[in-house]
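Structure assessment
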Amino acid sequence: MGKSVCLKLMIGLLPYDAGHVLYRGKEVGEMDAENLRELRRNVAMVFQGGALFDSMSVFDNVTYALREHTKMSDQEMLERARECLDMVGLGYDKDILYRMPASLSGGMRKRAALARSIAIKPEVILYDEPTTGLDPANIERIGHMIRKLQKELGVTSIVVTHDMPIAWNCSNRVAMLWQRKFPYIGTPAEIQANPAPEVHEFINGIYHEDQD
Amino acid sequence: MSVRRPFEYIGEAIRAGFDWAGGISLLLGRSLIRGVQRPWGIYDIFSQIVALGIRSLPLSTLMGVFVGMALTWQFGEALMGFGAKNAVGSAAALALVRELVPTLMALTIGAKIATGVTAELGSMKVSEQIDAIASLGADPIKKLVWPRLVASTVTLPLLNIYGNVLALIGGAFIADLVFDVPAEYFYETYIDELYPMDYISGLVKSFTFGLLVGLIGCYQGFQTKFGTEAVGISTTNTVVATSVAIIVFDFVLTTIFLPVG
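Described in the following lines is the structure provided in the data block. What you see is a predicted model, and the numbers here were worked out from it, not measured in a lab.

Notes on the pattern of salt bridges
One pass over the structure, following the stated rule, counts 15 salt bridges over all chains. Between B:Arg5 and B:Glu8 there is a salt bridge, with its nearest N and O atoms 2.9 Å apart. One end of the pair is B:Arg5 and the other is B:Glu8, both in helix 1 (residues 4-35) and three residues apart, which spans about a single turn. With a relative accessible area of 24%, B:Glu8 lands in the partly exposed category. One network of salt bridges, in which partners are shared, links A:Lys8, B:Glu128 and B:Asp131.

Re the packing of helix 4 (residues 88-126) of chain B against helix 7 (residues 183-193) of chain B
All names here are of chain B. For the pair helix 4 and helix 7, interaxial distance at closest approach is 7 Å and the crossing angle is 50 degrees. Between helix 4 and helix 7, the interaxial angle falls into the category oblique. Regarding helix 4 and helix 7, the two cross each other, and that crossing is right-handed. The residues of helix 7 that touch helix 4, namely those facing Val88, Gly89, Ser90, Ala92, Ala93, Leu94, Leu96 and Val97, are Phe186, Thr189, Tyr190 and Glu193. Its residues assigned to classes, the contact of helix 4 with helix 7 shows eight nonpolar, three polar and one charged.

Focus on the interface of chain A and chain B
In this complex, chain A contributes 20 residues to the contact, which on the side of chain B involves twelve residues. Around 1400 Å² of area is buried between chain A and chain B when both sides are counted, 56% of it from carbon and sulfur atoms. Seen at the junction of chain A and chain B, the total is three salt bridges. Residues B:Glu128 and A:Lys8 are paired through a salt bridge, measuring 2.9 Å at the closest nitrogen-oxygen approach. Applying the counting criterion to the chain A and chain B interface returns seven residue pairs in polar contact (both at pLDDT 80 or more).

What about the sheet that holds strand 4 (residues 124-128) of chain A?
Residue and element names in this part refer to chain A. Within the open sheet, the three strands sit side by side as 3-4-5. Their pairing is parallel. Two strands lie at the open edges of the sheet, namely strand 3 (43-46) and strand 5 (156-160), each paired on one side alone. Neighbour-to-neighbour, the strand axes of the sheet open up by a mean angle of 15 degrees, direction not taken into account. In terms of strand pairing, strand 4 meets strand 5 through five bridges, oriented parallel. If you follow valine 124 over to strand 5, its bridge partner there is threonine 156. Contacts from helix 2 (residues 33-42) reach strand 3 and strand 4, with the element oriented near 65 degrees to strand 3.

A closer look at the packing of helix 3 (residues 57-80) of chain B against helix 4 of chain B
All names here are of chain B. Taken N-terminus to C-terminus, the directions of helix 3 and helix 4 make an angle of 145 degrees; their axes are 9 Å apart at the nearest point. Helix 4 is crossed by helix 3, and the crossing has right-handed handedness. Contact residues: Leu59, Ser60, Met63, Val67, Gly68, Leu71, Thr72, Phe75, Gly76 and Leu79 in helix 3; Val88, Ala91, Ala92, Ala95, Leu96, Leu100, Leu104, Met105, Thr108, Ile109 and Lys112 in helix 4. Among the residues forming the contact of helix 3 with helix 4, the class breakdown is 15 nonpolar, five polar and one charged.

Definitions and limits used
Residues numbered from 1 in each chain as written. Chains lettered and ligands numbered in written order. Predicted model: local features only at pLDDT ≥ 70, side-chain atom pairs only at ≥ 80, totals over all residues. Heavy atoms only, no water. Salt bridge = Lys/Arg side-chain N within 4 Å of Asp/Glu carboxyl O. Helix = DSSP H or I, 4+ residues; strand = E, 2+ residues; numbered from the N terminus. Buried < 20%, exposed > 50% of the residue type's maximum accessible area, 1.4 Å probe, protein only. Axes fitted to C-alpha atoms, helices over the stretch in contact; angles between N-to-C directions. Parallel < 35°, antiparallel > 145°, perpendicular 65-115°, else oblique. Left-handed = near helix turned anticlockwise from the far one by under 90°. Contact = heavy atoms within 4.5 Å. Nonpolar A, V, L, I, M, F, W, Y, C, P; charged D, E, K, R; others polar. Buried area = accessible area lost by both parts, 1.4 Å probe. Polar contact = N/O pair within 3.5 Å; in protein donor to acceptor, adjacent residues only side chain to side chain. Pairing = 2+ DSSP bridges.

Okay, structure coming up:
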C-alpha cells in the first residue's frame, strides 16, 4: 500500500501533511507553480497504465512536454520524437507517430509512455509498476529499456515494482515498503541476504494460509 | 440515538452541499485566474466549441422547432376559445424567448454537454491522464477546464439564438397550418411583442446556464474516484446537479429580470 502515492508525492501531484520530500534541497510540498513546473521539467513519471492521452496521436503524446517547456520547431520535435521512439524500440514501425494509443498493444503503450517521459531529457524518471500486465517477453524488454536509459542518458530511475527480477536487475538500491515505512533499504545483495521474515517471504513469494 | 439520526443526515447533507459549492467556486476562481494568462489556448477553445456546440446542432434544431410548435398550438387552442387566435404570436413570443427556449435548451443540450465533459474528464482521471498532464509540467485546469468552460459559456447562448429562430419558424408553421393565422402576421406580432430586454434576459440566462454546465461538468469529472463505475456515478451526479442548478438559477434570474422589464 502506498507505493504509487510515494511517487506522486515526489513529483508534487499529491499534497502531504507530514514528513519531507526534497528535490535539490527544496521542499516539494511548498513549491510554487513555477518551481513545480521546473521540477516536472527535470523529473518525469511513467504511469502504471501508460496514461497516454487517448485523443492524441503518439507523436503528440511524445512531444507534449516539448511543447510545454521548449520552443522547438515542428521538424525538431519530429526528429526528437523519432529518436525517443527508436530508443524504446518502437522506431521499427514507420507509422507509429501517427497511430492513436487505442491501436497500440499494452507493451507498445508502456514503451510509448516511456518515450514521452524521456523526450524532455529529464534527470530522474519515476516508474510506477512498469511491468504490470505485460507478458514475460515485454517485462524483460521494459527492464532492458530501464537499464539502457540509465546507461545512455544517465538518468536516475526510481522504480516501483512487485517484480523481483526487475528490482534486482535495474537497481543499485532497493527499499522495501512495509507497513507504511521503509524499514529495509540496501543494495540488492543486502536485501536478498536480509534475515527478516517479511523480507524473505516477500522476495521469495512465500505464502502462509494463516496470513488470510 | 434514533432521534438524532435524521438530524445527522440533514447536517451531513448540508455540509456536503457547502463542500460542493465551495469546490465549484474554487474551480471557477482558479480557471478564471489561470485561463486569462497567456497562452490563451485559442485552438483548444475552438476545438471544444466545435465538439460541444456544432455537434449539438441536430438536437438544438429538434428542440427549437418542436418547442415552438407545441407552445403555439397550446396558446392557439386557448386563445381560440376567446376568439383571439390572432394574438397567438404575441402570446407565444414572451414565453419562448424569455423562458422556454433558454431553459429547455439548457436542460437538454446543457445536460448533454455537462455529462459528456464529466465522462471524458472522469475517464481521464481514472486512467491517470490528468496526473500525466500535471507530471509533464502543464496545468490541467488551464488545459482541460478553461477551454470547456469558455466553450460551453459561448455555445449555449449561440444555440439559444439558433433555437429562438427555429421556435419562431415552428410557431409560424403551426399558426398558419392549424389556426389559419398567416405566418407573416404571426411573425410581425411575435417580433412586435418583444423588447430588447426580453432578448437580453434570454441571453443572460443561457450565458449563466452555459457557465454552470461547463463548471459542473468539469468539477464532477475531476471529482471522479477510482474505477470505471466511478465515471458512471459522476455522470449521474452531473445530470442531477446540472438540472437543479439550471432550475434554481432560472428562478433567480427571472426574479431579477421581471421587475426590469
